[in-house]
Structure formats: C-alpha cells, structure tokens
Amino acid sequence: MAISPVTGTERKLASVTAGRLVGLSWSPNGRWLAAAGTVADRGHGIYVIPSEGGAIRTLLRATPPEYYLAVAFSRDGRQLAAGVCTAAVRCNLTLAAVDPEIGAAGAPRSLTRQAVSEVTAIAWSRDGKSLIYASGSRLWRVPADANAAPTALDLAGIGARTPAVASGRDRLAFTLERTTMSIHPLDTTLASPPVLASSAWDFDVQFSPDGRRLAFASSRLGDGVQIWTARADGSGARQLVQGRGKWQGSPAWSPDGRQIAFDYRQDNGSWSLFVVDADGGAPRQLTMDAGDENVPTWSRDGQWVYYTSDQKVGRNVWRIPAQGGRPQQITS
C-alpha cells in the first residue's frame, strides 16, 4: 500500500496472494519500490514494484537455502544493498549494481563475512560511502567499497534496531529495544529480587552439584550469547567461554562439578556440543556430526553426555562418551 502524507489517502500498489514482502525501499526517483520476500511460486528473492502500480518484477533470485531479508537503494539509485541469510541464520550484507530501469546489472558482492544473525534493516550514510545495518542486538557500519571490516556502533547501544539516516544532515535515528531477562530465586511470592541481572538476557541457569556456583547463558556483552559462571548468590560473575558473536547455551555441570557441557552455534550455522573446565580454559568439541546437537545433560556416573540431535529425520535422544568417541542413538 501507499499513503499520501498530506491527505492520508491510501491506494494499493500490488497484492501477493502466496508469499510475503518485507523491508521496502524507495528508489531515489520515486518510481520503484524494492522488497525482499517470496512471490507466488518464484521463491525467495528481491522484487521490484512500480510505484504507480503494475506487475511485480524479479530483480534478484535467491539460491536455496538462501533468502533475502532487508533492502536499501543507494542515494544515487545505482546500487541496492541487501541482507542475505541461509536457513541456518547465517547472514551477510551484499551489494548489487542496478541499471536505470531497476534491473540487475551483475551478481551481488558480499560486504561482510561475519556470519551474523539476521540483517533486519539497512540504511545508507548521507555521503553514500558506507552502510549502517541492524544485526543481532547492535547497529553496524561497513564501507560500501568493502575495504574494511564492519564496526559496531556502540554509541547506539545494545538493542538498537531499524536505522534511518537523514538525507540533508548527518543524523541517525533508530529504535532501541529494552528487553531484559533475569534469574530469580523461586519462592511462593515470586517477588524476590534477582540474583543475576543485567541490561540484556541472563538465562539457562544451572546450579553446580555442590550448590555453590551457577552456570548460565548471557547476552550482556551485546554481541551473541556466552557461557558465564557466578557464585550461588549471583556475585563474582565472569565469562567462562571466551569469544563473541556466537550463541553458546544450555550449560550443564558434570556430576563432579569439574566440567561444563554446552551447545554452540558454529560459523556455518550448525550446532555442536562442547565441554570446558568449570574454571575456564579452551573448550573441547565433543560432537562432530553434521546434524544439530543441543541441550546436553550428563549421566549420573559422568561417563556419558546425553543430548538431542536432528539428523534431518527428526529429533532424537543420543549419547556420546564424555571423553569423546562414537555417538549412540537412544530413541527412534
């Protein structure tokens, strides 16, 4: 739909009966709208809609399992930035040249190689030399000529989304999402103060076997989720597994309290299980299968780690020797 900001009159530009279009971007001359999504049986791609109405055209077609999620015309209308992801939620920012009639003038080239979470919104800088995009819980900036790695716009803060740049001034607008998740003791009133709280998410908490320590997942660094430990009262919190930009979750203590197993999303988007000493150190990869392995738990004698695994035929329970070895399927 299009609406007049003066009269408030709405008019329909196009209908998609089997699919969805998101992330609209106007061409600078106002003749076209670009959008990411799916149209009928054409699959995922970037589509162009005439601003006066008419047939929807395919500009770029995604190669499965890829899909586009956000688009933004450059200020001169000669380039189109787009966020492209795979089904495993491994995403990057790409740039494609377009001709005056808004046709693709070559294959898109990648501006980032971060394998970040979904690129949900994109904006061009006023001088057209860089792009600002939202991914994960941050805003990022990358040069349009791809001669440098993206940098986080820390000034925007954690939870920043939907960037917009003014065309006449160097001004950036964005929304800021304030979502927190804290860890509380359970009592009958549910009114006790949290033992672990931050400006982000603290969750997946597990007591150590002796009850003196906690292991938990946290996004308090603002980039991905990491495994942390703390004393049982929440004090002394420290990052156990180093590294940012990845998702580490589901911590589980070994029965002797010396190790913690957790699941980890790798750069290719798949999930594997790792084990790390409870006092820190280099994690050891436990599972090597192509399927997604999640939510580890230890056998009582500490000899096995049980987990769920999706081997492309549905999820089942598996187990693997805690010191490594051949996994065994438990349920069918």
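Please refer to the structure higher up on the page.
Residue numbering note: each chain is counted from 1, following its sequence as written. Two thresholds apply to this predicted model, a pLDDT of at least 70 for residue-level local features and 80 or more for giving and counting side-chain atom pairs, whereas whole-chain, interface and lining totals are computed over all residues. Only hydrogens and water are removed before side-chain values are computed, so all heavy atoms of the structure are retained for them.

**Observations concerning the packing of aromatic side chains**
Moving on, step 1. A pair of aromatic rings is counted whenever rings of Phe, Tyr or Trp (Trp by its six-membered ring) have centres within 6.5 Å, and the orientation is called stacked for planes under 30 degrees apart, edge-to-face for over 60 and tilted otherwise. The final tally for this structure, using the stated rule, is four aromatic pairs.
Moving on, step 2. Centre to centre, the rings of Phe203 and Trp247 are 6.1 Å apart; their planes meet at 55 degrees, and the pair counts as tilted. Placement of the pair is Phe203 in strand β17 (residues 202-207) and Trp247 in the loop between β20 (238-239) and β21 (248-253), with a sequence separation of 44 residues.
Moving on, step 3. Phe203 gets classed as buried once you look at its relative accessible area, which sits at 14%.
Moving on, step 4. Arranged with centres 5.1 Å apart and planes meeting at 65 degrees, the rings of Tyr264 and Phe274 form a pair that is edge-to-face. Here Tyr264 is found in strand β22 (residues 259-265), whereas its partner Phe274 is found in strand β23 (residues 271-277), with 10 residues between them in sequence. The pair Tyr264 / Phe274 is uniform in exposure class, with both members buried. Under the DSSP-based scheme used, a helix requires at least four consecutive residues in state H or I and a strand at least two consecutive residues in state E, with every element numbered from the N terminus. Burial classification: accessible surface area is computed with a 1.4 Å probe over protein chains only, and a residue below 20% of its type maximum counts as buried, one above 50% as exposed, and the rest as partly exposed.

**Some details on the sheet that holds strand β19 (residues 226-231)**
The strands making up a sheet associate through hydrogen bonds between their backbones, and the pairing can be parallel or antiparallel.
Moving on, step 1. If you trace the four strands from one edge of the open sheet to the other, you get β17-β18-β19-β20, paired in antiparallel fashion. Since the sheet does not close on itself, it has two edges, and those belong to β17 and β20, each with one partner.
Moving on, step 2. Direction of pairing for strand β18 (residues 213-218) relative to β19: antiparallel, over a ladder of six bridges. For Ser218, the partnering residue across the bridge sits in β19 and is Gln226. One bridge is not enough; two strands pair if DSSP finds at least two bridges between them.

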